[in-house]
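Coordinate analysis (summary)
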Amino acid sequence: MAHLLSVENFAKIGEFIYRKSGIFLEKEKHYDKLAKYVNSRARDLEIDSFRKYFFKLRFDDEVGDEFQALMNAITVNETYFFREKDQFEVLVNEILPELHETIPSDRTLRILSSPCSTGEEPYSMILHIVEEGEVVQKRDIEVVGIDIDSTVIEKAIVGLFSDRSVHAIPKGILAKWFDKKSLGYQLGEDLNGSVNFQVANIFDKVQMRKLGKFDVIFSRNMLIYFDDTSRKEVAMTFYDMLNPGGYVFLGHAEYMSRIVSVFNAKKVNNTLIYQK
Ligand SMILES: C[S@@+](CC[C@H](N)C(=O)[O-])C[C@H]1O[C@@H](n2cnc3c(N)ncnc32)[C@H](O)[C@@H]1O
């Protein structure tokens, strides 16, 4: 079947996706994948032109299902447990003890994983927090995970992970907190449900405001899919969502100093973090 999405219309839908999600698609890299998706979606909807599909996406999608399906199709969800492990160690050994000293002990210490994909990142935080043990025994800690892709959030809630996803977890920790099943590793009952997962778009101001304030925000390996304008908007959203003195952790290829200058950069044990 010929593609319903022409190269000219790729620019139109690309602009729509960029405006709504910050994701910047390039013709050379993404045309084929998006064109195949439009064909298959049009077939499901019994629509015979890109124009009709694009109309539905923009003007006949009150609940947002069409946009959600498009997001689920185009996002890159690569992740695994203990990815860039040093950052989790800095979080539990340096940052949580520091925040525990400065924040009243009756207030919940809140951590956001944005984006969390299938849950490996927020659950890596939890595993480090419970293994380290100190701060969590003294106060309440809440971990929230958000992602724009509803299929990854559904998987995160189930908590069943592939061999590849758990490969970097030390064997003793894996055996202690997971049950080996024929389809992979199931997070055990003690920890399953310990992260508050939600579908949310980082560019949706209402959704972000509803999440409330945080003391730590991990945002790793998402900004690489955005352009400078979107990165700046996201960085300022994080700034607004942080309590004073709170921290942002970015992925190893992402640098706040190239985006905005409102944070103080700090090097802790060779890990660069950003304080409000
Ligand atoms: C490569 S994963 C990174 C996951 C994890 N932070 C890590 O580093 O392993 C990038 C995730 O960003 C999510 N994403 C992309 N645009 C988003 C947006 N506007 N709002 C929320 N999540 C978004 C994608 O759905 C995808 O799951």
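Shown above is the structure to which this text applies.
**Some remarks on the overall build of the protein**
The number of helices and strands found in the protein is 12 helices and 10 strands. The globule rule puts the C-alpha radius of gyration for 276 residues at 19 Å, and the 20 Å found for the protein is close to it. Principal-axis analysis of the C-alpha atoms places the extent of the protein at approximately 60 × 50 × 30 Å. Of the accessible surface of the protein, which amounts to about 13,800 Å², a share of 49% is contributed by carbon and sulfur atoms.

**What about the sheet that holds strand E4 (residues 178-181)?**
Sheets are built from strands paired through backbone hydrogen bonds, the pairs being either parallel or antiparallel. Pairing in this open sheet of 3 strands is antiparallel, and the strands run E3-E5-E4 from one edge to the other. Because the sheet does not close on itself, it has two edges, and the strands there are strand E3 (160-161) and E4. Here E3 pairs with strand E5 (residues 184-187) via 2 bridges, running antiparallel. In the strand pairing of E5, Phe-161 is matched with Tyr-185.

**Details of the nonpolar core**
Counting 49 residues, the largest nonpolar core has Leu-5, Ile-13, Ile-17, Leu-34, Tyr-53, Leu-70 and Met-256 as the members making the most contacts within it. Sort the elements by how many residues they give to this core and helix H2 (residues 27-45) lands first, with 6 residues. Composition of this core by domain shows at least three residues from each of domain 1 (7-74) and domain 2 (85-275). Among all residues touching Ile-13, those that are not within four sequence positions of it are Leu-5, Leu-34, Phe-50, Tyr-53, Phe-54 and Leu-57. Grouped together as the second largest cluster of nonpolar side chains are 41 residues, Leu-91, Ile-141, Ile-173 and Val-268 included.

**Focus: the site of the ligand**
Every one of the 22 residues lining the ligand counts as a neighbour, but Thr-79, Arg-83, Pro-115, Asp-147 and Asn-221 are closest to it. Glu-121 is positioned with one of its side-chain polar atoms (N or O) 2.8 Å from a nitrogen atom of the ligand. Between the ligand and the protein, one listed contact pairs a nitrogen atom with a backbone N or O atom of Arg-220 at 2.9 Å. Protein coverage of the free-state accessible area of the ligand, which is 600 Å², stands at 99%.

**Side note on the packing of H2 against helix H3 (residues 50-59)**
The axes of two packed helices give the description: the angle between them and the distance between them. Put simply, H2 and H3 touch, their axes get as near as 10 Å, and they point 80° apart. If you check the angle between H2 and H3, you find them roughly perpendicular. Residues Tyr-37, Val-38, Arg-41 and Leu-45 of H2 lie in contact with H3, whose contacting residues are Phe-50, Tyr-53 and Lys-56. Considering only residue class, the contact of H2 with H3 consists of 5 nonpolar, no polar and 2 charged.

Definitions and limits used
Residues numbered from 1 in each chain as written. Predicted model: local features only at pLDDT ≥ 70, side-chain atom pairs only at ≥ 80, totals over all residues. Heavy atoms only, no water. Helix = DSSP H or I, 4+ residues; strand = E, 2+ residues; numbered from the N terminus. Rg over C-alpha atoms; globule rule 2.2 N^0.38 Å. Areas by Shrake-Rupley, 256 points an atom, 1.4 Å probe, with all protein chains shown as cover. Pairing = 2+ DSSP bridges. Core = buried A, V, L, I, M, F, W, Y, C linked by side-chain atoms within 4.5 Å. Buried < 20%, exposed > 50% of the residue type's maximum accessible area, 1.4 Å probe, protein only. Domains from an automatic or database assignment. Contact = heavy atoms within 4.5 Å. Near = heavy atom within 4 Å. Polar contact = N/O pair within 3.5 Å; in protein donor to acceptor, adjacent residues only side chain to side chain. Axes fitted to C-alpha atoms, helices over the stretch in contact; angles between N-to-C directions. Parallel < 35°, antiparallel > 145°, perpendicular 65-115°, else oblique. Nonpolar A, V, L, I, M, F, W, Y, C, P; charged D, E, K, R; others polar.

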